[in-house]
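# Understanding the architecture of this molecule
One-letter residues, chain by chain:
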Amino acid sequence: MADSTQPLLSDSNSSESKLPPPRTLDETIEQCIGDFGWAQFLQAVLVSFAWVFDAQQTFITVFTDSQPTWHCLDSDRCNSSSNFCTLPNQTWSWDFNPHVSTISEWGLQCAGSLVKGLPASSFFLGCLVGGLALSTLADSSLGRKNMLLLSCLIMSLSSMLTAFSTSIWVYAFLRFLNGFGRATVGTCALVLSTELVGKKWRGQVGAMGFLCFTLGFLTLPLLGYINNGNSWRYLYVWTSIPTLIYCCLVWCFVWESPRWLIVKGRKEEAVSILQSIGSNAITMSFSDLCLDVQESSNPDVYDALRILVKKPWSLRRLLAVMAVGFGIGMVYYGMPLTLSNLNFNLYLGVVFNALSELPAFLITFFFMNTIKRREALIGFTALSGISSVLIASLGQQLGSLQIVLELVSFFSACTAFNMTLIYTIELFPTCVRNSALAMVRQALVFGGVFSPVMVAAGRENQFWSYGMFGLVIGLFGLFVVGLPETRGSVLCDTMDEEETKNLTKEHIIG
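Reading guide: rules and limits
- Think of each chain on its own: its residues are numbered from 1, step by step along the sequence as written.
- Confidence filtering applies because this is a predicted model: local features only for residues at pLDDT of at least 70, side-chain atom pairs given and counted only at 80 or more, and all residues used for totals across whole chains, interfaces and linings.
- Side-chain numbers come from the whole structure's heavy atoms, not from hydrogens or water.
- UniProt positions are given in the numbering used here, feature names are shortened, and annotations may be inferred rather than shown by experiment.
- Stacked, edge-to-face and tilted labels apply to pairs of Phe, Tyr and Trp rings (six-membered ring for Trp) whose centres lie within 6.5 Å, assigned for plane angles under 30 degrees, over 60, and everything in between, in that order.
- The secondary structure listing takes helices from DSSP runs of H or I that are at least 4 residues long and strands from runs of E that are at least 2 residues long, numbered from the N terminus.
- Only protein chains enter the area calculation, which uses a 1.4 Å probe; residues under 20% of their type maximum are buried, those over 50% are exposed, and those in between are partly exposed.
- Each ring is checked for a lysine NZ or an arginine CZ that lies within 6 Å of its centre and within 35 degrees of its normal; such an atom marks a charge sitting over the ring.
- Distance thresholds for patches are 9 Å for like charges and 5 Å for nonpolar side chains (Val, Leu, Ile, Met, Phe, Trp, Tyr), applied to residues having over 30% relative accessible area and no salt bridge.
- Each accessible area is a Shrake-Rupley result for a 1.4 Å probe, and residues are judged covered by the shown protein chains and nothing else.
- A carboxyl oxygen of Asp or Glu within 4 Å of a side-chain nitrogen of Lys or Arg is what we treat as a salt bridge.
- Angles shown run from 0 to 180 degrees and are taken between the N-to-C directions of axes, each axis being a line fitted to C-alpha atoms and, for helices, limited to the stretch in contact.
- Oblique is the label for any angle not covered by the other classes, which are roughly parallel (under 35 degrees), roughly antiparallel (over 145) and roughly perpendicular (65 to 115).
- By the definition used in this description, the sense in which the near helix is turned from the far one sets the handedness, with an anticlockwise turn below a right angle giving left-handed and a clockwise turn giving right-handed.
- Whether two residues are in contact is decided by their heavy atoms, any of which lying within 4.5 Å being enough.
- When residue character is reported, Ala, Val, Leu, Ile, Met, Phe, Trp, Tyr, Cys and Pro are called nonpolar, Asp, Glu, Lys and Arg charged, and the others, Gly included, polar.
- To define a nonpolar core, start from buried Ala, Val, Leu, Ile, Met, Phe, Trp, Tyr and Cys residues and group those joined through side-chain atoms within 4.5 Å.
- Boundary definitions for the domains trace back to an automatic or database domain assignment.

As annotated in an unreviewed UniProt entry, the protein chain carries the name (rape) hypothetical protein and is attributed to Brassica napus. Checking UniProt for the protein chain, the heading Subcellular location (unreviewed entry) contains the comment "Membrane".

In this section: the packing of aromatic side chains. Applying the stated criterion across every chain, the model contains 33 aromatic pairs. Plain terms: the ring middles of phenylalanine 326 and phenylalanine 476 are 5.4 Å apart, the flat faces sit at 45° to each other, and that makes the pair tilted. Of this pair, phenylalanine 326 sits in helix H16 (residues 312–334) while phenylalanine 476 sits in helix H22 (residues 466–476); the two residues are 150 residues apart in sequence, bridging distant segments of the chain. Ring geometry for tyrosine 332 and tyrosine 333: centres 5.2 Å apart, planes at 80°, overall edge-to-face. Side by side, tyrosine 332 and tyrosine 333 carry an identical accessibility label, which is buried. Cluster of aromatic residues (ring-pair linked, three or more members): Trp51, Phe59, Phe123, Phe124, Phe213, Phe217, Tyr332, Tyr333, Phe410 and Phe417. Positioned above the aromatic ring of tryptophan 251 is the side chain of lysine 145, whose terminal nitrogen or guanidinium carbon lies 5.9 Å from the ring centre.

On to a nonpolar patch on the surface, then. Taken together, the side chains of Val389, Phe463, Trp464, Leu471, Leu475, Leu478 and Val481 make up a nonpolar region of the molecular surface, amounting to roughly 650 Å² of accessible area. Counting through the fold element by element, valine 389 comes out in helix H19 (residues 373–394). Here valine 389 falls in the partly exposed class, since its relative accessible area comes to 31%.

Before going further, it helps to examine the packing of H19 against H22. Running from N to C, H19 and H22 point in directions that differ by 160°, and their axes come no closer than 7 Å. Classified by the interaxial angle, the pair formed by H19 and H22 is roughly antiparallel. Considering only the axes of H19 and H22, their crossing is left-handed. Contacts between H19 and H22 pair Thr381, Ser384, Gly385, Ser388, Val389, Ile391 and Ala392 from the former with Tyr466, Gly467, Phe469, Gly470, Leu471, Ile473 and Gly474 from the latter. Counted by class, the contact of H19 with H22 contains seven nonpolar, seven polar and no charged residues.

Let us now look at the nonpolar core. Residues Trp51, Phe59, Leu148, Tyr246, Tyr332, Tyr333 and Leu421 are the most contacted members of the largest nonpolar core, which totals 111 residues. If one sorts the elements of this core by residue count, helix H20 (residues 401–427) sits on top with 14 residues. Shared between two domains, this core takes at least three residues from each, and those domains are domain 1 (29–70 + 94–278) and domain 2 (298–509). Excluding residues within four positions of it along the chain, tryptophan 51 makes contact with Gly186, Ala189, Leu190, Gly209, Phe210, Cys212, Phe213, Leu421 and Arg441. Grouped together as the second largest cluster of nonpolar side chains are six residues, Trp70, Cys78, Leu87 and Trp92 included.

To continue, consider the packing of helix H7 (residues 118–134) against helix H9 (residues 168–182). Look at H7 against H9: their axes get within 6 Å of each other, and the N-to-C directions meet at 35°. The two elements H7 and H9 meet at a crossing, and its hand is right-handed. Each of Leu118, Pro119, Ser122, Phe123, Leu125, Gly126, Cys127, Val129, Gly130, Ala133 and Leu134 in H7 lies in contact with H9, whose residues at this interface are Ile168, Trp169, Tyr171, Ala172, Arg175, Phe176, Asn178, Gly179, Phe180 and Arg182. Considered class by class, the residues forming the contact of H7 with H9 number 14 nonpolar, five polar and two charged.

In this section: the pattern of salt bridges. Side-chain pairs of opposite charge can arise whenever the charged atoms involved come near each other. All chains considered together, the criterion is met by seven salt bridges. In this structure, glutamate 498 and arginine 317 form a salt bridge, with 3.1 Å as the shortest nitrogen-oxygen distance. Here the residue glutamate 498 occupies a position in helix H23 (residues 495–509), and arginine 317 occupies one in helix H16, the gap between them amounting to 181 residues. Classification of glutamate 498 by relative accessible area gives buried; the value is 2%. With a relative accessible area of 7%, arginine 317 lands in the buried category. Connected via shared salt-bridge partners are Asp54, Arg182 and Arg441.

Here you go:
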């Protein structure tokens, strides 16, 4: 009977046998871990669950910073159509305790739109700064797991501190800090989960994170409804404690990416992890793992980013996919904030928006292996843009159809959002993949920075919210035309390998 535990690769020092060509990481991981087993599934679920807390912190201000309803106390001097900013304080009152919202607690109901939108904008600004400061650490020194742990920890602690804010300025600063920590949560979770499996399951595993984000989004209206009439501070407490517990689980049970370990020259650790999650009876040693990967020797923190922009082809890809991400991000983060501008129940609106992410997830999960990336992104960005422009141009003439078009636009943006992240993973090699994905997420968030201001301006004229949303996502979606198609492609590990693959593809086409 043949030995079922023979080394994965033949001895590299043997001169009597013909050596096979070096294996790629895709080939090695496929052979080591076999089919998608329970070990990989549990790892993917645990890592992807970080998206739940990401979603909660991203959209929590929809409830904590909403403007509460009010009623008249003096019917002779006040009516429901009055502007309470022009009324004496003794003629009207909030329907609930002022502590239900930051707007009513700190008397911001008559403040300018920039002040009202300051916490939300500060959060997205923190995401930008955090992405720039932390993004390359996952590729260079900390790795995927430690960066995920650090990000969740910052997000949890800052959320807890937010509950003790004493003014709008302290609140905005803590929201900035929260966004700073949150910036790399989704990036690390997506990269780490997809690098633990082969290309066959890459799209499905990546889609798990999108499903968890949807679940996190759905918990917000539930928490908001339970907290209805109570202080907004409880929402931050209820979302921070589970995140802290999750950090402990990551520390104890999540493995580092074997791809990243091999690229960093830490082969023994990579072998140990592959053996732990492998479903095949294969043993390996340090000397057996002779892969076609160049080792790096403790590069500078921002080496990955410098490598990313050094090659012209890589820079062109990065700028194009970031432009697409900017347009998608403006709609994706802006649409839930504009629900208060529609004549529709806020809680139901948020629920419907969250539920519209489910078909986006299903499309990504079941059809990612068959969908052409470029054509799909152009189609979904165009559909989102057209729906948004129709809301702005027809306005009140649509009546209840406004919410239908809003859901179509948001669903299209969600699907495009998911596909853009998977597409980015396939466009860049392992050595810079996390940094590239982080930069694209930065572009998505950068679109979100403008959303609160545009939502505030859209209360007077919907062109400045829905109209601009539609034009931006439709036009910026066209940048995908200059990107290569990656459906079914093999993940490369170095810049040279990716460049060689592109030259070979161009030669074949030519």
